[in-house]
Amino acid sequence: MSNYKIETKCIQSGYEPGNGEPRVLPIYQSTTFKYNSSDQMGRLFALEESGYFYTRLQNPTNDAVAAKICDLEGGVAAMLTSSGQAANFYAIMNICEEGDHIVCASALYGGTYNLYAHTIKKMGIDATFVDPECTTEELNAAFKENTKAVFGETIANPALVVLDLEKFAAAAHAHGVPFIVDNTFATPVNCRPFEWGADIVTHSTTKYMDGHATCVGGAIVDSGNFDWAAHADKFPGLTTPDETYHGIVYTEKFGKAAYITKATSQLMRDLGSIPSPQNSFILNLGLETLPLRVERHCENALAAAKYLQAHEKVAWVSCPMLEGDKHYALAKKYMPNGTCGVITFGLKGGREEAVRMMDSLKMIAIVTHVADARSCVLHPASHTHRQMNDQELKEAGVQPDLIRFSVGIENIDDIIADLSQALEQV
Ligand SMILES: *Cc1c(COP(=O)(O)O)cnc(C)c1O
């Protein structure tokens, strides 16, 4: 980890060219790597030596970008995945197996909710969902003998609940399990969950990190702080011999890099959700301007939230940066420089008027996306969260009339003008 400030890390971390080498991180668009001796290749396969041999396991472009994200979060090791979904899947699968259980904050991205509530259940891993605003007693009551992890989003998509990171970290650690945080919306520019007790951070890099809606991707970062060996009985995958690598024990051989090394050498080897080096190159360009964009996203989001709040046709606005918002105090604590560019609101006319207003927008587009340079809207109850019933929607913090508004980095006057003309149509 470098000592540079975050703006500098976004530019400089992860890749340092040698004399006469390319100034910009090259795209190693190669599936494979050449060796002169069969012996050396053998040592790579046995994890006795580190080096590149096949891009599904490691690739220099992917690794450089992973190293940058690792540095931004203040971690010790990181890996990229082909999507945020893959990151959240691997983060759990790396330490859970059939018969295990996880505790999750219920306000989650719809795809993550489906993954944890339904898909991993078919693999024998159960999840208990808790209200993120529950008391410590309620949170502790969700743990079982077989609980292996706690999961939550820094700022929930789209409920915009700010997670009380310290409360969740304390409960996880009291039960001897890691706290995994999806930090997609806050980005390490606005919040670094490791500083508040999180052990593992995940990202959908598809959002602000890429920032231009060009590449789906994900990342997992390990703080190196969780002591797997101290809870060896809970995490046999990390603390007992891996027969598929001649009996190596990850915690013994790789120390603080054990978790990420296992994720790479087992899960990526077997499941293969790697990003293309080309996509990682594009992600890296996005990362270079992340602090500038995040600052503008937050500034525009707060201005748009204030505009909407004052509008007679608007019933409610949710933006944790807005004084008086339910999550204002937690946002100030964990993200004093701003939360993110996503805000939500509802109209007095309810669900039907919400759809009419969205259809009337001219510049702000209806797209299944958030957190890129262009302003966009989505109606989660009819789009991303369509599979959920009313009770599940409520638990996920999604009202049926909720419009998710991802405020872009256009000039705020143009954003407000578009909102204004669309609101005139309802
Ligand atoms: C979008 C998103 C994901 C899923 O990421 P993909 O890159 O779309 O697979 C996970 N978590 C959060 C908070 C998200 O916003």
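Residues numbered from 1 in each chain as written. Predicted model: local features only at pLDDT ≥ 70, side-chain atom pairs only at ≥ 80, totals over all residues. Heavy atoms only, no water.

### Quick look at the overall build of the chain
Point 1. The number of helices and strands found in the chain is 17 helices and twelve strands.
Point 2. The globule rule puts the C-alpha radius of gyration for 426 residues at 22 Å, and the 22 Å found for the chain is close to it.
Point 3. Summarising its shape, the C-alpha atoms of the chain cover approximately 75 × 55 × 35 Å along the three principal directions.
Point 4. Across the chain, every contact between residues at least 6 apart in sequence was considered, and the portion connecting residues at least 24 apart equals 72%.
Point 5. A total accessible area of about 17,700 Å² is found for the chain, and carbon and sulfur atoms account for 50% of it. (Helix = DSSP H or I, 4+ residues; strand = E, 2+ residues; numbered from the N terminus. Rg over C-alpha atoms; globule rule 2.2 N^0.38 Å. Contact = heavy atoms within 4.5 Å. Areas by Shrake-Rupley, 256 points an atom, 1.4 Å probe, with all protein chains shown as cover.)

### What about the UniProt feature "modified residue: N6-(pyridoxal phosphate)lysine" (unreviewed entry) in the chain?
Point 1. On the UniProt side, "modified residue: N6-(pyridoxal phosphate)lysine" (unreviewed entry) is annotated at positions that read Lys 207 here.
Point 2. Relative to the helices and strands, Lys 207 resides in the loop between strand E6 (200–204) and strand E7 (218–222).
Point 3. Given a relative accessible area of 11%, Lys 207 falls into the buried group.
Point 4. When neighbours within four sequence positions are excluded, Lys 207 is seen to be in contact with Asn 157, Thr 184, Val 370 and Ala 371. (UniProt positions renumbered as here; feature names shortened; annotations may be inferred. Buried < 20%, exposed > 50% of the residue type's maximum accessible area, 1.4 Å probe, protein only.)

### Points about the pairing of strand E9 (residues 342–347)
Point 1. When you tally the buried positions in E9, you get six out of six residues, the bulk of the element.
Point 2. On E9, burial covers both faces: Val 342, Thr 344 and Gly 346 on one face and Ile 343, Phe 345 and Leu 347 on the other are all buried.
Point 3. Note that strand E8 (residues 314–318) and E9 share four bridges and pair antiparallel. The residue of E9 that forms the bridge with Trp 316 is Gly 346.
Point 4. Bridge analysis of E9 against strand E12 (residues 403–406) gives four bridges, and the strand direction is antiparallel. Its bridge partner being in E12, Thr 344 is matched across the sheet by Arg 404. (Pairing = 2+ DSSP bridges.)

### Considering helix H3 (residues 60–73)
Point 1. For H3, which comprises 14 residues, the first-to-last C-alpha distance of 20 Å matches the rise-based estimate of 20 Å (1.5 Å per residue) to within 8%.
Point 2. Counting buried positions along H3 gives twelve out of 14 residues, so the element sits mostly inside the fold.
Point 3. Turning to H3, its buried residues number three or more, namely Pro 60, Thr 61, Asn 62, Ala 64, Val 65, Ala 66, Lys 68, Ile 69, Cys 70, Asp 71, Leu 72 and Glu 73.
Point 4. Elements in contact with the buried residues of H3: helix H1 (6–12), strand E1 (77–81), helix H8 (187–190), E6, E7 and helix H12 (277–288).
Point 5. Its side-chain oxygen 2.8 Å from the backbone nitrogen of Thr 61, Asn 59 forms the N-cap of H3.
Point 6. Looking one or two residues beyond H3, the residue adopting positive phi is Gly 74, at roughly 80 degrees. (Expected span 1.5 Å × (residues − 1). Polar contact = N/O pair within 3.5 Å; in protein donor to acceptor, adjacent residues only side chain to side chain.)

### Focus: the packing of aromatic side chains
Point 1. Applying the stated criterion to the full structure yields 13 aromatic pairs.
Point 2. Centroid distance Tyr 113 to Phe 129: 5.0 Å. Interplanar angle 45 degrees. Geometry classified as tilted. Within this pair, whereas Tyr 113 is found in helix H5 (residues 110–119), its partner Phe 129 is found in strand E3 (residues 126–130), the two being separated by 16 residues in sequence.
Point 3. Classification of Tyr 113 as buried rests on a relative accessible area of 9%.
Point 4. For Phe 129, a relative accessible area of 24% translates into the label partly exposed.
Point 5. With 5.8 Å between their ring centres and 85 degrees between their planes, Phe 226 and Phe 235 make a pair best called edge-to-face. Each member of the pair Phe 226 and Phe 235 is classed as buried. (Phe/Tyr/Trp six-rings, centres within 6.5 Å; stacked < 30°, edge-to-face > 60°.)

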